[in-house]
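Residue strings, one per chain:
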Amino acid sequence: MPEGDTIHRAARRLQSLVGERVYVEVPHPRARAAIDPAELDGRVLEAVEPVGKNLFFRFEGGRVLHSHLRMSGRWSVRPAGTARTGTPWLVLRGATHEAVLWNGPVLELHARARARLGSDILASPPDFDAMLARLARADPTRTFGESLLDQSLVAGVGNMWLAETLWEARLSPWRRLGEVSEDERRLALETAARLMRASLEGTRPPGHYAYRRVGRPCLRCGARIRSHGQGDANRMAYWCPQCQPGPDPVSAR
Ligand SMILES: [Zn+2]
């Protein structure tokens, strides 16, 4: 699943089209159900803005195209007119380059989704106070891990960065949000922003400390990393039961 850093990377590549008049093709029939190319074709692309796991393309005249990549979507940017095989969802063609969306299951032509999203963890600088304010109003009985994955509270953190962040910050995903202090919440947000920024800049070495390391020894204390599904979507949490003390998810849920 693309997380915020993947989206920011795509947004950087897409900046090559910003300021250009773009020509729009919608080859994929499912995309055509969502987008009328005539609404965008020939307009100047004014900005490409990543927010969490979403990309917003702002066109002249106030048109906004929203793309969410879900599990499989991918934007590629290459020289205009490059041959391709397969049926992309959308092609935005500028003077020298074109952006091609493959498998992009969420596309819409309005800005409503923007209002539902929390502050972007990869904004520079991230607005931690805004995220903390949303967390302060959120359901205190939900687990901390689930709360941080809620894109309406904090935009951009997915499973993998959640596991790495909470391991780094030594915080359990299983404590109730209401039992996590403001300082701990801030620590988790700052840690997520730092790790994801390093990944985006290419300064974080590859590899994981908790994510998908179930049953293997914690690289800090040697205890075995555990995993358990969390939240309504049952997304897998990974944590070290020794350095990240908290309730056991089996008895907590
Ligand atoms: Zn440990």
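Criteria and cut-off values
- Residues numbered from 1 in each chain as written.
- Predicted model: local features only at pLDDT ≥ 70, side-chain atom pairs only at ≥ 80, totals over all residues.
- Helix = DSSP H or I, 4+ residues; strand = E, 2+ residues; numbered from the N terminus.
- Rg over C-alpha atoms; globule rule 2.2 N^0.38 Å.
- Domains from an automatic or database assignment.
- Contact = placed C-beta atoms within 7 Å.
- Buried ≥ 20, exposed ≤ 12 C-beta atoms within 10 Å, placed from the backbone.
- Core = buried A, V, L, I, M, F, W, Y, C linked by C-beta atoms within 7 Å.
- Axes fitted to C-alpha atoms, helices over the stretch in contact; angles between N-to-C directions.
- Parallel < 35°, antiparallel > 145°, perpendicular 65-115°, else oblique.
- Left-handed = near helix turned anticlockwise from the far one by under 90°.
- Nonpolar A, V, L, I, M, F, W, Y, C, P; charged D, E, K, R; others polar.
- Pairing = 2+ DSSP bridges.

K.L.:
Please explain the overall build of the protein chain as it appears in this structure.
P.N.:
Across its full length, the protein chain holds 8 helices and 12 strands. By the compact-globule yardstick of 18 Å for 253 residues, the protein chain fits well, its C-alpha radius of gyration being 20 Å. Counting only C-alpha atoms and orienting by the principal axes, one finds that the protein chain spans roughly 55 × 35 × 30 Å.

K.L.:
What should I look at first to understand the domain arrangement of the protein chain in this one?
P.N.:
Domain assignment breaks the protein chain into domain 1 (4-115) and domain 2 (119-252). Computed over C-alpha atoms only, the centres of domain 1 and domain 2 are separated by 30 Å. Sort the elements by how many residues they give to the side of domain 1 that touches domain 2 and helix α1 (residues 4-14) lands first, with 4 residues.

K.L.:
I tried to follow the environment of G178 on my own but got confused; where do I start?
P.N.:
Considering the arrangement of structural elements, one finds G178 in the loop between α6 (159-169) and α7 (182-201). Among all residues touching G178, those that are not within four sequence positions of it are P140 and T141.

K.L.:
What am I meant to see in the environment of E190 here?
P.N.:
By secondary structure assignment, the location of E190 is in helix α7. Judged by local crowding, E190 falls into the partly exposed class, with 15 C-beta atoms found within 10 Å. Placed 22 residues apart in sequence, E190 and R212 show a C-alpha to C-alpha distance of 23 Å.

K.L.:
I tried to follow the nonpolar core on my own but got confused; where do I start?
P.N.:
Most often, soluble globular proteins have nonpolar side chains that are buried together. Core analysis: the largest hydrophobic core is formed by 35 residues, its most contacted members being I121, V154, V157, A163, A192, A210 and W239. Counting residues per element, the ones that place at least two in this core are α4 (128-137), α5 (144-149), β10 (154-155), α6, α7 and β12 (235-239). Broken down by element, this core gets its largest block of residues, 6 residues, from α7. Setting aside residues up to four positions removed in sequence, A210 forms contacts with A163, E164, W167, I225, Y238, W239 and C240. Formed by 23 residues, the second largest nonpolar core is a distinct cluster that contains A10, W75, L92 and L101.

K.L.:
Explanation requested: unusual backbone geometry in the structure shown.
P.N.:
With the exception of glycine, most residues fall at negative phi, and the peptide bonds are largely trans. Following S124, the chain continues to P125 via a peptide bond in cis, the omega torsion being 0°. Looking at the secondary structure, you find P125 in the loop between β9 (119-120) and α4. Phi at R170 takes a positive value of approximately 60°, unusual for a residue other than glycine. Residue position: R170 is located in the loop between α6 and α7. You can call R170 partly exposed: it has 18 C-beta atoms within 10 Å.

K.L.:
What should I look at first to understand the packing of α1 against α7 in this one?
P.N.:
A packed helix pair is summarised by two numbers, namely the angle formed by the two axes and the spacing between the axes. Interaxial distance between α1 and α7 falls to 9 Å at its minimum, and their mutual angle equals 40°. Our classification of the angle between α1 and α7 gives oblique. In terms of crossing hand, the pair formed by α1 and α7 is right-handed. Residues G4, D5, H8 and R9 of α1 pack against M196, S199 and L200 of α7. The residue makeup of the contact of α1 with α7, split by class, is 2 nonpolar, 3 polar and 2 charged.

K.L.:
Looking at this model, I keep getting lost on the sheet that holds strand β2 (residues 45-51). Mind explaining?
P.N.:
Backbone-to-backbone hydrogen bonds join strands into a sheet, with any given pair of strands oriented parallel or antiparallel. Pairing in this open sheet of 4 strands is antiparallel, and the strands run β2-β3-β4-β8 from one edge to the other. At either margin of the open sheet sits one strand with a lone partner, and together these are β2 and β8 (106-108). On average, adjacent strands in this sheet sit at an angle of 15° to one another, irrespective of strand direction. Here strand β4 (residues 64-68) pairs with β8 via 3 bridges, running antiparallel. What sits directly across from H68, in β8, is V106. Where α1 meets the sheet, its contacts fall on β2 and β3 (54-59), and the angle it forms with β2 comes to roughly 165°.

K.L.:
Would you mind going over the packing of α4 against α7 with me for this structure?
P.N.:
Where α4 meets α7, the axes come as close as 10 Å, and the angle between the chain directions of the two elements is 130°. Between α4 and α7, the angle falls in the class oblique. The hand of the α4/α7 crossing is right-handed. Of α7, the residues touching α4 (which contributes F128, M131, L132 and L135) are E182, R185, R186, L189 and E190.

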